[in-house]
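# Close look at the chain arrangement
This is what each chain is made of:
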Amino acid sequence: MAEAAQFQGMGHSPARRWLRRTAALLAGTPLLAGLLFVPAAQPAHAAADADGSRTVDVSLNGLSPSAPVKDDTLTISGTVTNKGKETVTDAEVDLRVGPRLSGRPEIDEASKRTGHTPGSDPEELGDPYSIKIDRLASGISTDFTLTVPVNKLDLDKAGVYQLGVSLSGETASKPYDQVLGIERTFLPWQPEAAGKKTQLTFLWPLISTTHLSAETGSDEQQTPVFEDDALAAELAPGGRLEQLVSLGSQLPVTWVIDPDLLATVDAMSRNYRIRNDQGGTAPGRNQAVAKKWLSSLEKAVQDRKVVALPFADPDLASLAHRGKDVSGSLSHLQPATAVAETTVETILHVTPSIDFAWPVDGAIDPSIVDVATSAGAHKIIARSDSLRETGSVSYTPSAARPIGGGTTAVVADDRLSTAFYGDMSKAGTSTLAVQKFLAQSLALTLQAPDAQRSIVVAPQRMPTAGQAQSMAKALDGLSSQRWTQPLDLIAAASAKPDPDATTRVPASSQYPKKLKARELPVRTFEDIKSTQETLDNFKVILTSPDRVVTPFGNAINREMSTSWRGKAAPAARYRDGVQSYLEGLTTEVRLIQKSALTLSGRSATIPVTVQNKLVQEVDNLVLRLKSSNPTRLKLDDGNVIAEQPIKIGGGHSQSVKFSAAANANGPVQVTAQLYTEDGKLYGGPMTFTVKASEITPTVMLVIAGGVLLLVLAGIRMYTQRKRAAARVAAAGDEAADESDDGLVHDAPEQPSDPTPDTGPESAEPSGAGEKVDR
């Protein structure tokens, strides 16, 4: 089988191999008195061996099959990299198998070991299942592939065996055979089907971060506006969400979906716009990617179990620990659960279960349980590092645990659930994670081989593409169903609980500090309350409230999403953006500012203009006008306050007229204010000045007397002019007679015209103010 060992390098003869082993043996054996310097050097060699075993990095990039049977051939591929400063010579890559580990704690302990420990690690398998490398220079990497028939591994009883790959060699400063690098993994060995297989439930989450804003276009379709176009990369081939769908479609998993993701991708499948750095928007171009992803997902979930989380995956722990201090925060959960079911049914055409709540990392306390069940959930996905066993159970119990009040905690196994945390983009890391997952699942089954149990795996909420691929490899390794068999989450939650398993919900003081430090702050829920109050006040005046309530209601749900954990600044910017945009919409219905006006006469009308720049009609508004000095100026038949209902079409303005009466002269401050029909203020007040100028009876008598005098003066003037004209005519006749005598006479003096009683009209502009309609 020597041909089966593929490598890049040259091999060494069996004789040389024997000499190296002999030298290593002598280094650990007491010698004759004449060679006492050799035992003195022995501890140094042993120490060098322990420290030097980290000189070369050994990476295991592939192991196939991951769970072999008797007739299989095991193939292990990897890379060795010289991280030291010296060249390694006379090197050999060896396989080391054993010992069999007795349980889950031993697997945990073995996975922590790094360097080689002589006497603890098993002997190498040796030729012909090894690889020779002549030289491995500093900083250089070399790939290797080891193949060995499984029946040569001396595997005995079913169980988990430690499997190691080491590199031995020499350096110039240490010219003796030593282990310079080693990597360990696990080999699950269950050649025959177990009598009682573990029922394994694997959750497959489809959750993303917030991408949709509250803003929509004014067109009939209400074109959505995205905060960014980052979601397209997740949906595209090779992207995180694309990988989850394509891999999950081939696996026995339970889909756990945030309906907000579906709604967002559905919005992207049509016309949409994206915010840009200039404060405007640009058209989105990834409709085809969104449509393809939705189509693939719809096919993948048909005839499969789907669990829908409340819309936007609200942070239940933050609500329980921070939101409860702000009134109204918990009221959002029930609507978020209701819209979740509708969203999934509409887009994927499947009926989801909405009976599950999933707190962050499955950590619960009494307040989290109360919040989770307040929205109607009766099953809470917890984790075993939160509900720890008290010691009365020597094995891992089934997931379902009744915790009182008709609520079931579905307790996921923490070892299996966290197996794929970290960077799984590297083949070496992924291989180790897959083998450890399979080893833990087999060790779990062998804990109580005569008792069938139901085990749940709840992985990270938003797996990367690499993590999804690693999880898929692990589930492929279980596909033969020799010690596990798949079970959906609904069935797992309904399974018969283990009577000895703990059902005690941990106290609030036991909630992990690291998780609590990343919770959404109280300010989040205060901002949400403010936005909700603004929305409630706004929607009552709208004739088509759904155009506003739906996008803003969804945005409010997104503000309390679990995905904002640890992202305080971006979360605050999103909330501020939602509030600012909503306030901007409310100001589209407003009073037009008036300048000062003059009220001359006892009664007149005061016009006030209301403008509606929205695209829809507004109704249920009341405009109130208030006089600051009712003694001087009264409104509507003597009232201090006058009001009129308002109804204005979209894009229009309306002038509302109020009757007014002046009782005395002087300026009066008048305030106009819009209210909703239920008496709440809408917008700010608008104040203007009315200059009252009343005409009293005495003034009227004076004016009448003046007019009479003018008339009499006019008559007198007319009479005088007529008499004067007659005298002039008579004098003219006499002068004519006298001219016949040849005499010249001076003309008589003529009376001048009277001065006008009014001056000429001024050409200057009139004073500021408005004319009031009479």
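Just so it is clear, the structure is predicted and the values come from calculations on it, not from any experiment.

## With respect to the overall build of the chain
- Looking only at helices and strands, the chain features 19 helices and 31 strands.
- Per-residue burial for the chain yields a buried fraction of 47% across its 774 residues.
- Looking at the chain alone, contacts between residues at least 24 apart form 78% of all its contacts between residues at least 6 apart.
- Working note: accessible area of the chain is about 37100 Å², and carbon and sulfur atoms make up 53% of it.

## Observations concerning the packing of helix 5 (residues 240-248) against helix 13 (residues 465-477)
- At a closest axis distance of 8 Å, the pairing of helix 5 and helix 13 adopts a crossing angle of 15°. As summarised for this structure, helix 5 and helix 13 are arranged roughly parallel, according to the angle between their axes. For helix 5 against helix 13, the interelement crossing comes out left-handed. Of the residues in helix 13, those in contact with Arg240, Gln243, Leu244 and Leu247 of helix 5 are Ala465, Ala468, Gln469 and Ala472.
- For the contact of helix 5 with helix 13, the class distribution of residues is five nonpolar, two polar and one charged.

## Overview of empty space enclosed by the protein
- One pass over the full model with this rule turns up four cavities of 30 Å³ or more.
- Approximately 80 Å³ is the volume attributed to the largest cavity.
- Around the largest cavity, the lining is made up of 14 residues, and of these Pro310, Thr337, Phe356, Ala375 and Ala377 lie nearest the centre.
- Only helix 9 (333-348), strand 16 (356-357) and helix 10 (366-374) provide two or more residues apiece to the lining of the largest cavity.
- Tallied by class, residues from the lining of the largest cavity come to twelve nonpolar, two polar and no charged.

## Focus on the pattern of salt bridges
- All chains considered together, the criterion is met by 23 salt bridges.
- Linking Asp127 and Lys132 is a salt bridge whose minimum nitrogen-to-oxygen distance equals 2.6 Å.
- Taking relative accessible area as the criterion, Lys132 reaches 9% and is therefore assigned buried.
- Asp385 serves as the salt-bridge partner of Arg383, at 2.9 Å between the closest nitrogen and oxygen.

## Some remarks on the side chain of Ser430
- Positionally, Ser430 belongs in helix 12 (residues 427-447).
- A relative accessible area of 4% places Ser430 in the buried class.
- Aside from chain neighbours lying at most four places away, what touches Ser430 is Met424, Ser470 and Lys473.

## Observations concerning unusual backbone geometry
- Of the consecutive residues Gly98 and Pro99, the connecting peptide bond is found in the cis state with omega at 0°.
- Its location among the elements puts Pro99 in strand 4 (residues 88-101).
- In this model, Asp127 is joined to Pro128 through a cis peptide bond whose omega is 0°.
- Locating Pro128 in the fold gives a position in the loop between helix 3 (104-112) and strand 5 (131-136).
- Phi at Gln222 takes a positive value of approximately 50°, unusual for a residue other than glycine.
- For Gln222, the location among the structural elements is in the loop between strand 10 (212-216) and strand 11 (224-226).
- Residue Asp313 is not a glycine yet carries a positive backbone phi of 50°.
- Within the secondary structure, Asp313 is located in the loop between strand 15 (306-308) and helix 8 (316-321).
- Asp313 gets classed as buried once you look at its relative accessible area, which sits at 4%.

## A few points about the confidence of the model for the chain
- With 84% of its residues at a pLDDT of 70 or more, the chain has an overall mean of 86.
- Counted against residues more than four places away or in other chains, residues 1-50, with its pLDDT under 50, gives 57 contacts.
- The model gives residues 735-774 a pLDDT under 50, and that stretch makes 26 contacts with residues more than four places away or in other chains.

## Let's talk about the pairing of strand 29 (residues 666-676)
- Among the eleven residues that make up strand 29, eight are buried, leaving the element largely enclosed by the rest of the structure.
- Bridge count between strand 25 (residues 618-627) and strand 29: seven bridges; the pairing is antiparallel. Each residue of the ladder has a partner; that of Arg624, found in strand 29, is Gln673.

## Here we look at the sheet that holds strand 28 (residues 652-662)
- The strand order across the open sheet built from four strands is 22-24-28-26, with neighbouring strands paired in antiparallel fashion. Pairing within the sheet leaves two strands with one partner each, and these edge strands are strand 22 (589-591) and strand 26 (633-635). Along the sheet, successive strands turn relative to each other by an average axial angle of 35°, direction set aside.
- As paired strands, strand 24 (residues 603-612) and strand 28 are joined by ten bridges and run antiparallel to one another. Residue pairing across strands places Val608 opposite Val656, the latter belonging to strand 28.

## Some points on the packing of aromatic side chains
- A complete count under the given rule lists six aromatic pairs for this structure.
- Summarising the aromatic geometry, the rings of Phe202 and Trp204 are spaced 6.1 Å apart at their centres and angled 50° between planes, so their arrangement reads as tilted. Side by side, Phe202 and Trp204 carry an identical accessibility label, which is buried.
- Consider the rings of Trp564 and Tyr574, whose centres lie 5.6 Å apart with planes at 40°: the pair is tilted. One end of the pair, Trp564, is in the loop between helix 17 (546-559) and helix 18 (568-586); the other, Tyr574, is in helix 18, with ten residues separating them in the sequence. No difference in accessibility class separates Trp564 from Tyr574, as the two residues are buried.
- What links up through ring pairs into an aromatic cluster is the set Phe202, Trp204, Phe420 and Phe437.
- Between Lys379 and the ring centre of Phe356, over which it is positioned, the NZ or CZ distance is 5.9 Å.

## Overview of the sheet that holds strand 8 (residues 178-189)
- As summarised here, the arrangement of the four strands in space is 5-4-7-8, forming an open sheet in which the pairing is antiparallel. Looking at which strands have only one partner, the edges of the open sheet turn out to be strand 5 and strand 8. Strand-to-strand twist across the sheet, computed as the mean angle between neighbouring axes with direction ignored, equals 25°.
- Here five bridges tie strand 4 to strand 5, and the two strands are oriented antiparallel to one another. Residue pairing in the sheet places Val93 in a bridge with Ile131 of strand 5.
- Sheet strands in contact with helix 12 are strand 7 (159-170) and strand 8, and its direction is about 45° off that of strand 8.

## Re the layout of surface pockets
- What the second largest pocket holds in volume is close to 660 Å³.
- Surrounding the second largest pocket, 28 residues form its lining, Pro224, Ala263, Ala267, Arg270 and Thr550 being those nearest its centre.
- When contributions to the lining of the second largest pocket are tallied by element, the ones reaching two or more residues are strand 10, strand 11, helix 6 (259-268), helix 9 and helix 17.
- Partitioned by chemical class, the residues of the lining of the second largest pocket number ten nonpolar, eleven polar and seven charged.

## Topic: helix 16 (residues 522-539)
- Here helix 16 spans 26 Å end to end across 18 residues, near enough to the 26 Å set by a 1.5 Å rise per residue.
- All buried positions along helix 16 are accounted for by Thr524, Phe525, Asp527, Ile528, Thr531, Leu535, Asn537 and Phe538.

## Here's the deal with the side chain of Ser417
- Within the secondary structure layout, Ser417 lies in helix 11 (residues 414-417).
- Residue classification places Ser417 among the buried positions, given a relative accessible area of 0%.
- A distance of 2.7 Å separates a polar atom in the side chain of Ser417 from the backbone oxygen of Asp413.
- Within polar-contact distance, the side chain of Ser417 engages the backbone nitrogen of Ala458 at 3.0 Å.
- Setting aside chain neighbours within four positions, we find Ser417 in contact with Arg383, Ala412, Val456, Val457, Ala458, Pro459 and Gln460.

Scoring rules and cut-offs
Residues numbered from 1 in each chain as written. Predicted model: local features only at pLDDT ≥ 70, side-chain atom pairs only at ≥ 80, totals over all residues. Heavy atoms only, no water. Helix = DSSP H or I, 4+ residues; strand = E, 2+ residues; numbered from the N terminus. Buried < 20%, exposed > 50% of the residue type's maximum accessible area, 1.4 Å probe, protein only. Contact = heavy atoms within 4.5 Å. Areas by Shrake-Rupley, 256 points an atom, 1.4 Å probe, with all protein chains shown as cover. Axes fitted to C-alpha atoms, helices over the stretch in contact; angles between N-to-C directions. Parallel < 35°, antiparallel > 145°, perpendicular 65-115°, else oblique. Left-handed = near helix turned anticlockwise from the far one by under 90°. Nonpolar A, V, L, I, M, F, W, Y, C, P; charged D, E, K, R; others polar. 1 Å grid on protein atoms, 1.4 Å probe; cavity = no way out; pocket = protein on both sides within 12 Å on 5 of 7 lines; lining within 4 Å. Points joined across faces, edges and corners; volume = space filled by probe spheres on them. Salt bridge = Lys/Arg side-chain N within 4 Å of Asp/Glu carboxyl O. pLDDT = per-residue confidence, 0-100. Pairing = 2+ DSSP bridges. Phe/Tyr/Trp six-rings, centres within 6.5 Å; stacked < 30°, edge-to-face > 60°. Lys NZ or Arg CZ within 6 Å of the ring centre and 35° of its normal. Expected span 1.5 Å × (residues − 1). Polar contact = N/O pair within 3.5 Å; in protein donor to acceptor, adjacent residues only side chain to side chain.

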